[in-house]
Amino acid sequence: MQPPIPPGQPVPGESFPTDPTGLPEATRPALLELADGEAFDLRIGAVAKRMGDTTVRMLGYNGSIPGPTLKVQQDSEVVVHVINEGDLEGTVHWHGLRLDNKYDGVPHETQTPIPVGGEFTYRIRFPDPGLYWYHPHIREDYTQEMGLYGNILVVPSDPDYWPPAQRDVLLTLDDLLLEDGKIAPFSPAETTYTAMGRFGNVLLVAGEPDLSLAAKSGEVVRLWLTNTANTRVFNVQLPGARMKLVGGDSGRVEHTEFVSEVILAPSERTVVDVLFDRPGELELQHRTPDRAYRLAAVTVTGEKAAPSLADQFQTLRRAPELAAERQALDAWLEAPPDKTLALIAEMDDITAPGQGPVVYACPMHPEVSSEEPGRCPKCGMKLLATAVATSYTCPMHPEVTSDQPGRCPECGMKLLVTALASQPAGREAPAAPDAHSGHDHHREAHHHHGEDHGHGDSGGIEWEDDMVAVNRLTTPANMRWMLVDRTTGAANAAIDWHFTEGDRVKIRLVNEMDSDHPMHHPFHLHGAGRFLVLARDGVAEPNLVWKDTVLVRTGQTVDILFDVTNPGLWMAHCHIAEHMQSGMMFSFNVARQGAAR
Ligand SMILES: [Cu+2]
């Protein structure tokens, strides 16, 4: 059931505005260095954004995409005066921050939505160093996709918290779906692309479709990466330079380590130090098992960086606060989970009403078909109707035909199907971004998308939209994503969890293969606390870091240890925007210590 449409909201059937004429051109994000207690305005409004040879209408904070980068000191507080001049009512969620519940930006729960033309003032504190971000929490499948996201860099009180680096470069990773030079339409009435989320075909890095970076020889650059996409998982590599993992969602990692790639699911952050040891033309890339995309061109000049940090770059460090957490890890690994959540989907047949589906096929594996409904033996996905009957005939009286199922008026026999029309359930070429990638990067050779989800070369990740036609037609009405509490059986909003400030809770996340569409989910907990990943499929996490989002791959079981620190009513949800919009979320209570529950 759709709730009634509040005044000022678009009416179903109407579309969001798309005309960029007369709008200010989107600018580069400003760096706002904010002192403790400082206040500033954050204005949501429409902008014109150049995308290759076309210009589209998008939304920005203070006229830029991404919005301004907030640079603040750990333990400081700032006041943000939000003015909503966007397309629909909104809130601002301060992602990853452990903050006062009333400023968490959850509509109808922690605040009244800010109407178009309205304002709201947030007081935001920053207890933890690291990289965070802000975005809307109403229809973010639309609003966040339109450009409403920005970073927060919290500078640690301890000057030795991070290894030395010459420069900070903040990069949001996103994608946008363009069709015929326009942003593919959204329905104001409902979220579409509910099955896999909305994949884009243009990659936007720091808001740019074709970003160029420069570095000096011997320079150590810290890359602060945030995945702001609706659903796309990024696997970031930088061939020709050395990459060292130094941090994650909330602060530094237990031990720094040299890596060749980092994987970020929607809303996850990763901090890597990069040493460019010699001059040359490099590429920051996103690499799936099948393709490589250029995220940015990197020109390393012959100019030498001074002073040289090359020696310090070789030094690997440990974080004592996380080494201390590791001491207690064995006990937590052995402990039974306090809560177990299953991640599953229910999907209706996407067929015209009144026409019985007669052939079922897997949208991911079209060679798999059946006359009966069921699941794909290769990937576990629910088989979808691919053909429907368009003509029925009585076998005894061939002159009796109908376009509806029924019985023969002559003899009462059930009419049998005599003609079929195919449905748009067949697998298509994925709508993959090919923006500015050289031909040599398209290694199309074998696009065998995970022979077996979770075990094949896809690694339990849906890297592309492999069922575009079906995905586009899915909405919360025909596709229901669910978090199910395996103890109580309650699903989504019916889940009723109560914790107390100071609790540590072991939560088991089970991404079930027995689901109408098994796929990965980035599971996010709001600022009631932060968590450590304990184990993935029973394997202890080798490098701890405080997190607010964890990627649960297809078929995977992930155990997390949630450190509950902030009282209030908080959300848990999948961070694929379309999954959350289809209901894959719930709220839980955290009581103050000593307070009666
Ligand atoms: Cu999900």
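Residues numbered from 1 in each chain as written. Predicted model: local features only at pLDDT ≥ 70, side-chain atom pairs only at ≥ 80, totals over all residues. Heavy atoms only, no water.

Participant: Would you take a moment to explain the overall build of the chain for this structure?
Facilitator: Secondary structure assignment for the chain yields 6 helices and 38 strands. Taking all 597 residues of the chain together, 58% fall into the buried category. Here the analysis covers contacts within the chain between residues at least 6 apart in sequence; of these, 76% occur between residues at least 24 apart. Counting every atom, the chain has about 23,100 Å² of accessible surface; 51% of that belongs to carbon and sulfur. (Helix = DSSP H or I, 4+ residues; strand = E, 2+ residues; numbered from the N terminus. Buried < 20%, exposed > 50% of the residue type's maximum accessible area, 1.4 Å probe, protein only. Contact = heavy atoms within 4.5 Å. Areas by Shrake-Rupley, 256 points an atom, 1.4 Å probe, with all protein chains shown as cover.)

Participant: So what exactly am I meant to see when it comes to the pairing of strand E36 (residues 557-564) here?
Facilitator: Walk down a regular strand and you will see the side chains alternate between the two sheet faces. Buried residues dominate E36, accounting for 7 of its 8 residues. As paired elements, strand E33 (residues 529-536) and E36 share 7 bridges and run antiparallel to each other. By the bridge assignment for E36, Ala 535 is matched with Asp 559. (Pairing = 2+ DSSP bridges.)

Participant: Sorry, what's going on with the environment of Ala 490 here?
Facilitator: Among the structural elements, Ala 490 can be located in the loop between strand E29 (479-485) and strand E30 (498-500). For the pair formed by Ala 490 and Leu 341, sequence separation is 149 residues and the distance between their alpha carbons is 9.8 Å. Other than its neighbours up to four places away in sequence, Ala 490 contacts Leu 483, Val 484, Asp 485 and Ile 495.

Participant: Please explain the coordination of the copper ion as it appears in this structure.
Facilitator: Ideal values differ by geometry: the angle at a metal is 109.5 degrees with four tetrahedral donors, but 90 or 180 degrees with six octahedral donors. Bound to the copper ion on the protein side are His 521 (ND1), Cys 574 (SG) and His 579 (ND1), at distances that span 2.0 to 2.1 Å. Counting along the primary sequence, the residues that act as donors to the copper ion give the motif H-x52-C-x4-H. Assigned by exposure class, Cys 574 and His 579 land together as buried. (Donors = N, O, S within 2.8 Å, 3.2 Å for Na, K, Ca; no water.)

Participant: I'm lost on the environment of Gly 527 in this one. Help?
Facilitator: Mapped onto the fold, Gly 527 is located in the loop between strand E32 (521-525) and E33. Since its relative accessible area comes to 4%, Gly 527 is described here as buried. Taking the C-alpha atoms as reference points, Gly 527 and Val 564, 37 residues apart in sequence, are found 8.9 Å from one another. Not counting the four nearest positions on each side in its chain, Gly 527 is found in contact with Leu 97, Arg 98, Leu 99, Asp 104, Asn 566 and Trp 570.

Participant: Teacher, can you tell me more about the pairing of strand E10 (residues 167-176) here?
Facilitator: Most of E10 sits inside the fold, with 7 of its 10 residues counted as buried. Two elements, E10 and strand E15 (residues 219-227), share 7 bridges in a ladder whose sense is parallel. Residue pairing in the sheet places Val 169 in a bridge with Leu 223 of E15. Bridge count for E10 against strand E13 (residues 202-205) is 4 bridges, and the pairing is antiparallel. Its bridge partner being in E13, Leu 173 is matched across the sheet by Val 205.

Participant: What exactly am I supposed to notice about the packing of aromatic side chains here?
Facilitator: To describe a pair of aromatic rings, you give the distance between the ring centres and the angle between the ring planes. A complete count under the given rule lists 15 aromatic pairs for this structure. Both rings, one in Phe 499 and one in Phe 562, keep their centres 6.5 Å apart while their planes meet at 80°; by these two values the pair is edge-to-face. You can see Phe 499 sitting in strand E30 and its partner Phe 562 sitting in strand E36, a full 63 residues away along the chain. Accessibility expressed as a relative area gives 5% for Phe 499, which makes it buried. Over the face of the ring belonging to Phe 186 we find Arg 198, whose NZ or CZ atom lies 3.6 Å from the ring centre. Taking the ring centre of Phe 313 as reference, the NZ or CZ of Lys 244 above it sits at 4.8 Å. (Phe/Tyr/Trp six-rings, centres within 6.5 Å; stacked < 30°, edge-to-face > 60°. Lys NZ or Arg CZ within 6 Å of the ring centre and 35° of its normal.)

Participant: Is there a simple way to think about the side chain of Glu 578 in this case?
Facilitator: Mapped onto the elements of the fold, Glu 578 is located in helix H6 (residues 577-581). Buried within the structure, Glu 578 lacks any salt-bridge partner; its nearest side chain of opposite charge belongs to Arg 198, at an N-O separation of 5.8 Å. Reaching out from Glu 578, the side chain makes a polar contact with the side chain of Asn 230 at a distance of 2.9 Å. When sequence neighbours within four positions are dropped, the list of residues in contact with Glu 578 reads Asp 141, Thr 191, Thr 192, Tyr 193, Thr 194, Gly 197, Arg 198 and Asn 230. (Lys, Arg positive; Asp, Glu negative; His and termini not counted. Salt bridge = Lys/Arg side-chain N within 4 Å of Asp/Glu carboxyl O. Polar contact = N/O pair within 3.5 Å; in protein donor to acceptor, adjacent residues only side chain to side chain.)

Participant: Would you take a moment to explain the state of the cysteines for this structure?
Facilitator: Taken as a whole and assessed by the stated rule, the structure comprises 0 disulfides. Of the cysteine sulfurs around Cys 376, a residue in no disulfide, the closest is that of Cys 362, at 3.7 Å. Classification of Cys 376 as buried rests on a relative accessible area of 3%. As a non-bridged cysteine, Cys 379 has Cys 362 as the owner of its nearest cysteine sulfur, 3.7 Å distant. (Disulfide = S-S within 2.5 Å.)

Participant: Would you take a moment to explain the pattern of salt bridges for this structure?
Facilitator: Side chains bearing opposite charge may pair, as long as their charged atoms lie close to each other. Under the counting rule described, the total for this entry stands at 36 salt bridges. Here Arg 317 makes a salt bridge to Asp 160, at a shortest N to O gap of 3.5 Å. Of this pair, Arg 317 sits in the loop between helix H2 (310-314) and helix H3 (320-327) while Asp 160 sits in the loop between strand E9 (150-155) and E10; the two residues are 157 residues apart in sequence, bridging distant segments of the chain. On the basis of relative accessibility, which here comes to 24%, the residue Arg 317 falls in the partly exposed class. With its nearest N and O atoms 3.9 Å apart, the salt bridge here joins Glu 179 to Arg 472. Taken together, the residues span a long stretch of sequence, with Glu 179 in strand E11 (residues 178-179) and Arg 472 in helix H5 (residues 468-473) at a distance of 293 residues. Overall, the relative accessible area of 32% leaves Glu 179 in the partly exposed class. By relative accessible area, Arg 472 is classed as partly exposed at 40%. Where salt bridges share partners, they join Asp 249, Glu 268, Arg 269, Lys 547 and Asp 548 into one cluster.

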